[in-house]
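Each chain, written out:
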Number of protein chains: 2
Amino acid sequence: MRRSSHFASLSQHYLFPEIDQRKHLFLGENPHAKVISLGIGDTTHPLPKEVAEGISKSALAMSHRDGYVGYGPSLGLQHLREAIAHKVYGDRFSFDEITISDGTKPDLARFALLTGGKQKVAIQDPAYPVYLETSQIIGQEILLLPATAENNFFPDWTSLKGPHILFLCYPNNPTGVSASREQLQNIVDHAKNEGMLILFDAAYASYITDPAIPRSIFELEGAKECAIEWGSFSKSAGFSGIRLGWCLIPKELTYSTGESILSDWKRLISTTFNGASYLSQAAGLEALSSPSYHKIIEDYLENAHLLKQALAEKNIATFGGIHAPFLWADFSPLSSWEAFDHLLSKHHLLTTPGSGFGQAGEGYLRLSALGTRPDILEAIHRLKSLKI
Amino acid sequence: MRRSSHFASLSQHYLFPEIDQRKHLFLGENPHAKVISLGIGDTTHPLPKEVAEGISKSALAMSHRDGYVGYGPSLGLQHLREAIAHKVYGDRFSFDEITISDGTKPDLARFALLTGGKQKVAIQDPAYPVYLETSQIIGQEILLLPATAENNFFPDWTSLKGPHILFLCYPNNPTGVSASREQLQNIVDHAKNEGMLILFDAAYASYITDPAIPRSIFELEGAKECAIEWGSFSKSAGFSGIRLGWCLIPKELTYSTGESILSDWKRLISTTFNGASYLSQAAGLEALSSPSYHKIIEDYLENAHLLKQALAEKNIATFGGIHAPFLWADFSPLSSWEAFDHLLSKHHLLTTPGSGFGQAGEGYLRLSALGTRPDILEAIHRLKSLKI
């Protein structure tokens, strides 16, 4: 087999494995260090009891003839699709416009297959590396738009002209900033005018506490004709290991030549996916009716608030962390990896180098507030002696 | 967004949704018919008690701080990779050469992304539609090799010259036939000589009862330098709904230009996948130590034997069904869809049209023996009145 030239264009290391490697190197040399992770955005709060018991019940039922479940529909269990249409979107969409996935990352790789490559793609810099890398793997023509303190981490998307695929993520990973209704409406209007397609990653929607901030791109007028949205149970329900998410493609959405994108997407899912695990989908149904998540998300947001205060006291400017579980902390003139190494070696704190999300992230660290409260308090304690 | 020309080249309907549609149409007109499925190859035997209880335990543990699990490694839990290396491959491979997936179908779509398209691909006709369709979606150059009664459903792979990617599946889906050691050794030798890559689908390996028949392509000499193997828990452990499988890429395997394929594969998995559900992986670990599966597979093979006998009595020639849970039944001169409609409307039996697996499958039906024993016996009873 020949090696794919698209694949060969990827940089050698993926961000998180690289962080993992540096952590293991450090722990090898300092076996007794108690490293606290503010790094990879992983949830730590246990599952609500009722959710765990619901999964257990579904699993035990599978050892009986009438509870056993084989292949489910590739597009997902209809009950779950209906529950998402109802509870997340207030029945403004039909279940038929929602497909269930094992997470946004694998679904974006499937979407890359749908595009076939050679499309113009615009991505914020910094961004979740998967947008760039799945686009590179399929051979898209990629444009990066720097998001910096100067533009309030909101690039001027309207400077783009003509058909593009735009990756948008608000509340944003990694910067943690949210976008206002007006900002998003401007993009939607522009996308419609220019024949652009918005791929909206709403993974952090449940962290929005201000009702004035849109939780879905589909709260904006006209979005049904120019946008696709991915939702996730990872950060909203602690399912990062259970793997569950969804994709919403409005039936109105078409290619530039008029064919339905939803129809092709369903065909693609049938061909390249056999549905998310039945156990994960059963878990998702439980999570959607669990009353416990409100409190869990409040806890994580309080973590973010405490971290933000602690850094302010050390005169480190931070962005985000209000409607998102991430803070974007400015450690310049240090480089991101310098700041990363400093916090790891001196304070035993694991963070994520901003430069790993793109060149414009240089000098920043992403701090995750998804740790446990005792860990966050200990991290804050350690930050008191920070000297840089 | 422009529509991908590769995607547009797919035929309108995927086989199984089409079957589903005809079934629903029939049931709409005959609401009281008790249709028995010999169609989609789905398992029906409940999970062994110890497996279900193991999953339940893992799920309940996730409601406690110390049992909660967030993101796992994208490549899979090391314990599970080690258990597969040990129990399936007798430690002839390192865990590091095995990656865990949510099934062969999604993993083949990821493999398509790795190839980048424009590769020469050879596929048996008939075959599991996913080989053809994932190849079409990424834009491969496809050659179909007819497998017919004349060549004992084993095409002359050695007639191909020069680098190709070969999809091989033995025991075969849909024909149910197995390949001898000599047949497979010939292909491996030829692949090495010509610089070909074999993608070996071993989904039905656990149905092989004759120790002379290889259960893995890696039982053949030289395969490490020219083959990749996919394994599955779907049919061996009843996990078609739980979603779990693996891919084995030997560290010796390289592109024609010398780079390691395993190394690129791991990079691709990190970028396009977040690991199979933790719950599914916990289930897989239980299944690998469960003593109950031997008996379950024997039951399914006995189903196949009974079906084969029943069709022989009606002078319908069948192939396969000895080391596989599928029978390939020759209903010519009827077309596959004619035979399908006849069995559905007259005998209320759901089957899979052979032509759905490729043109060379015309005139055949694939019958699955993965039903319950009472259903199989009732199907056999109904077949006694078959007149075609």
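Model, not experiment: these values are computed from the prediction.

Next up on the list: the packing of helix 6 (residues 129–138) of chain A against helix 9 (residues 261–272) of chain B. Between two packed helices, the angle of one axis relative to the other and the distance separating the axes together describe the packing. At a minimum axis distance of 9 Å, the contact between helix 6 of chain A and helix 9 of chain B shows a crossing angle of 130 degrees. Relative to helix 9 of chain B, helix 6 of chain A is oriented oblique. In terms of crossing hand, the pair formed by helix 6 of chain A and helix 9 of chain B is left-handed. Contacts between helix 6 of chain A and helix 9 of chain B involve Val130, Glu133, Thr134 and Ile137 of chain A on the former and, on the latter, Arg267, Leu268, Thr271 and Thr272 of chain B. Residue classes in the contact of helix 6 of chain A with helix 9 of chain B are distributed as 3 nonpolar, 3 polar and 2 charged.

Time to look at the pairing of strand 2 (residues 98–101) of chain B. Residues in a regular strand point their side chains to alternate faces of the sheet. Residues and elements named next belong to chain B. The alternating pattern of strand 2 places Ile98 and Ile100 and Thr99 and Ser101 on opposite faces, both of which are buried. As judged from the 4 bridges shared by strand 2 and strand 8 (residues 245–248), these two strands associate in the antiparallel manner. Bridge pairing links Thr99 to Cys247 in strand 8.

Moving on, we come to the nonpolar core. Of all hydrophobic cores here, the largest spans 263 residues; its most connected members are Ile198, Ile228, Phe233 and Phe239 of chain A together with Ile198, Ile228 and Phe239 of chain B. Ignoring sequence-local partners within four residues, the contact set of Ile198 of chain B consists of Leu166, Leu168, Ile187, Val188, Ala191, Cys226, Ala227 and Ile228 of chain B.

Turning our eyes to something else, we now look at the packing of helix 5 (residues 104–115) of chain A against helix 9 of chain B. Two elements in contact, helix 5 of chain A and helix 9 of chain B, have axes separated by 7 Å at closest approach and are oriented at 110 degrees. Considered as vectors, helix 5 of chain A and helix 9 of chain B are oriented roughly perpendicular to each other. Counting all contacts with helix 5 of chain A, which are made through Lys105, Pro106 and Ala109 of chain A, the residues of helix 9 of chain B involved are Ser270, Thr271 and Thr272 of chain B. Residue composition of the contact of helix 5 of chain A with helix 9 of chain B, grouped by class: 2 nonpolar, 3 polar and 1 charged.

Let's shift gears to the relation of the copies chain B and chain A. Note on the copies: chain B fits chain A at an RMSD of 0.0 Å, the axial shift is 0.0 Å, and the rotation between them is 180 degrees. Here the two chains are linked by the operation of a two-fold rotation axis. Of every C-alpha in chain B, the one belonging to Ser56 of chain B sits nearest the axis of rotation, 2.1 Å from it. With an isologous cut-off of 70% or more, the 100% of interface residues of chain B that recur at the interface of chain A puts this contact in the isologous class.

Here the focus is the sheet that holds strand 4 (residues 141–146) of chain A. Residues and elements named next belong to chain A. Read across the sheet, 7 strands follow the order 2-8-7-6-5-3-4 without closing on themselves; strand pairing throughout is mixed. Looking along the sheet, the strands with just one partner apiece sit at the ends: strand 2 (98–101) and strand 4. Neighbour-to-neighbour, the strand axes of this sheet turn through a mean angle of 20 degrees, independent of strand direction. Here strand 7 (residues 227–232) runs beside strand 8 (residues 245–248); their pairing, made up of 4 bridges, is antiparallel. By the bridge assignment, Glu229 is partnered in strand 8 with Leu248.

Looking now at unusual backbone geometry. At the junction of Tyr170 of chain A and Pro171 of chain A, the peptide bond is cis and its omega measures out at -10 degrees in the coordinates. Within the element layout of this structure, Pro171 of chain A appears in the loop between strand 5 (165–169) and helix 7 (181–194). For the bond from Asp125 of chain B to Pro126 of chain B, the omega torsion is 5 degrees, close enough to zero to count as cis. Inspection of the secondary structure assignment puts Pro126 of chain B in the loop between strand 3 (120–125) and helix 6 (129–138). Phi is positive for His348 of chain A, close to 55 degrees, though the residue is something other than glycine. With respect to the secondary-structure elements, His348 of chain A resides in the loop between helix 12 (336–347) and strand 11 (349–350). Unlike most non-glycine residues, Lys118 of chain B shows phi in positive territory, near 60 degrees.

Many structure descriptions define interface size as the accessible area lost when the parts assemble. All names here are of chain A. Considered domain by domain, chain A is made up of domain 1 (5–47 + 292–383) and domain 2 (69–288). A C-alpha centroid distance of 25 Å is found between domain 1 and domain 2. Opposite the 34 residues of domain 1 that make contact, domain 2 presents 40 residues. Carbon and sulfur atoms make up 64% of the area that domain 1 and domain 2 hide from each other, which totals about 2800 Å². Counting the contacts that link domain 1 with domain 2 gives 0 salt bridges. The interface formed by domain 1 and domain 2 includes 9 residue pairs in polar contact (both at pLDDT 80 or more). Within the residue set of the side of domain 1 that touches domain 2, elements represented by two or more residues are helix 1 (5–8), helix 11 (293–313), strand 9 (318–320), strand 10 (326–330) and strand 13 (364–368). Tallying contributions element by element places helix 11 first for the side of domain 1 that touches domain 2, with 4 residues.

This part is about the pattern of salt bridges. All names here are of chain A. In total, this model carries 32 salt bridges over all chains according to the counting rule given. Across the pair Arg110 and Asp102 runs a salt bridge, and its minimum N-O distance is 2.9 Å. Overall, the relative accessible area of 4% leaves Arg110 in the buried class. Arg181 is the partner of Glu219 in a salt bridge, and the nearest nitrogen-oxygen pair spans 3.2 Å. Here Glu219 is found in the loop between strand 6 (197–201) and strand 7, whereas its partner Arg181 is found in helix 7, with 38 residues between them in sequence. Taken together, the shared-partner salt bridges connect Glu18, Arg22 and Asp341 into one network.

So, on to helix 7 of chain A. In an α-helix, one full turn covers 3.6 residues, which means residues spaced three or four apart are oriented alike. Residues and elements named next belong to chain A. Here helix 7 contains 14 residues, and its C-alpha end-to-end distance of 20 Å stays within 8% of the 20 Å for a straight helix at 1.5 Å per residue. The complete set of buried residues in helix 7 reads Leu184, Gln185, Ile187, Val188, His190 and Ala191. The inward-facing, buried residues of helix 7 contact strand 5 and strand 6. Count one or two residues on from helix 7 and you reach Gly195, which has phi positive near 70 degrees.

A separate point is the sheet that holds strand 7 (residues 227–232) of chain B. All names here are of chain B. An order of 2-8-7-6-5-3-4 is seen for the 7 strands of this open sheet, with the pairing classed as mixed. Bordering the open sheet on either side are strand 2 and strand 4 (141–146), each of which pairs with just one other strand. Ignoring strand direction, the axes of neighbouring strands in this sheet form an average angle of 20 degrees. Each of strand 2, strand 5 (165–169), strand 6 (197–201), strand 7 and strand 8 is contacted by helix 5 (residues 104–115), which is oriented at about 155 degrees to strand 7, the strand it contacts most.

Right, let's talk about helix 6 of chain B for a bit. Residue and element names in this part refer to chain B. Burial of helix 6 is extensive: 9 of the 10 residues sit out of reach of the surface. All of the buried residues in helix 6 are Pro129, Val130, Tyr131, Glu133, Thr134, Ser135, Gln136, Ile137 and Ile138. Phi turns positive, to about 85 degrees, at Gly139, one or two residues after helix 6.

Before going further, it helps to spend a moment on the packing of aromatic side chains. One pass over the structure, following the stated rule, counts 36 aromatic pairs over all chains. Each ring, one from Tyr89 of chain A and one from Trp246 of chain A, has its centre 6.4 Å from the other, and the planes form 90 degrees; the classification is edge-to-face. Taken as a pair, Tyr89 of chain A in the loop between helix 4 (78–87) and strand 2 and Trp246 of chain A in strand 8 lie far apart in primary sequence, 157 residues in all. Relative to Phe326 of chain B, the ring of Tyr204 of chain B lies with its centre 5.3 Å away and its plane at 65 degrees, an arrangement referred to as edge-to-face. Separated by 122 residues along the polypeptide, Tyr204 of chain B in the loop between strand 6 and strand 7 and Phe326 of chain B in strand 10 (residues 326–330) bring together distant segments of the chain. This pair shows no difference in class: Tyr204 of chain B is buried, exactly as Phe326 of chain B is. Here the aromatic cluster, defined as three or more aromatic residues joined through ring pairs, consists of Tyr89, Phe93, Phe218, Phe233, Phe239 and Trp246 of chain A. In this arrangement the basic side chain of Arg366 of chain A is found over the ring face of Phe326 of chain A, its NZ or CZ atom lying 4.1 Å from the centre.

Attention now goes to the interface of chain B and chain A. Listed as interface residues are 85 residues of chain B and, on the opposing side, 85 residues of chain A. Here chain B meets chain A over a buried area of about 7000 Å², counting both sides, of which 59% is carbon and sulfur. Among the residues of chain B in contact with chain A, Met1, Tyr71 and Arg267 of chain B are the three that bury the most area, contributing 14% of the side total. Our count for the chain B to chain A interface comes out at 4 salt bridges.

The rules behind these values
- Residues numbered from 1 in each chain as written.
- Chains lettered and ligands numbered in written order.
- Predicted model: local features only at pLDDT ≥ 70, side-chain atom pairs only at ≥ 80, totals over all residues.
- Heavy atoms only, no water.
- Axes fitted to C-alpha atoms, helices over the stretch in contact; angles between N-to-C directions.
- Helix = DSSP H or I, 4+ residues; strand = E, 2+ residues; numbered from the N terminus.
- Parallel < 35°, antiparallel > 145°, perpendicular 65-115°, else oblique.
- Left-handed = near helix turned anticlockwise from the far one by under 90°.
- Contact = heavy atoms within 4.5 Å.
- Nonpolar A, V, L, I, M, F, W, Y, C, P; charged D, E, K, R; others polar.
- Buried < 20%, exposed > 50% of the residue type's maximum accessible area, 1.4 Å probe, protein only.
- Pairing = 2+ DSSP bridges.
- Core = buried A, V, L, I, M, F, W, Y, C linked by side-chain atoms within 4.5 Å.
- Least-squares fit on C-alpha atoms with pLDDT ≥ 70 in both.
- Domains from an automatic or database assignment.
- Buried area = accessible area lost by both parts, 1.4 Å probe.
- Salt bridge = Lys/Arg side-chain N within 4 Å of Asp/Glu carboxyl O.
- Polar contact = N/O pair within 3.5 Å; in protein donor to acceptor, adjacent residues only side chain to side chain.
- Expected span 1.5 Å × (residues − 1).
- Phe/Tyr/Trp six-rings, centres within 6.5 Å; stacked < 30°, edge-to-face > 60°.
- Lys NZ or Arg CZ within 6 Å of the ring centre and 35° of its normal.

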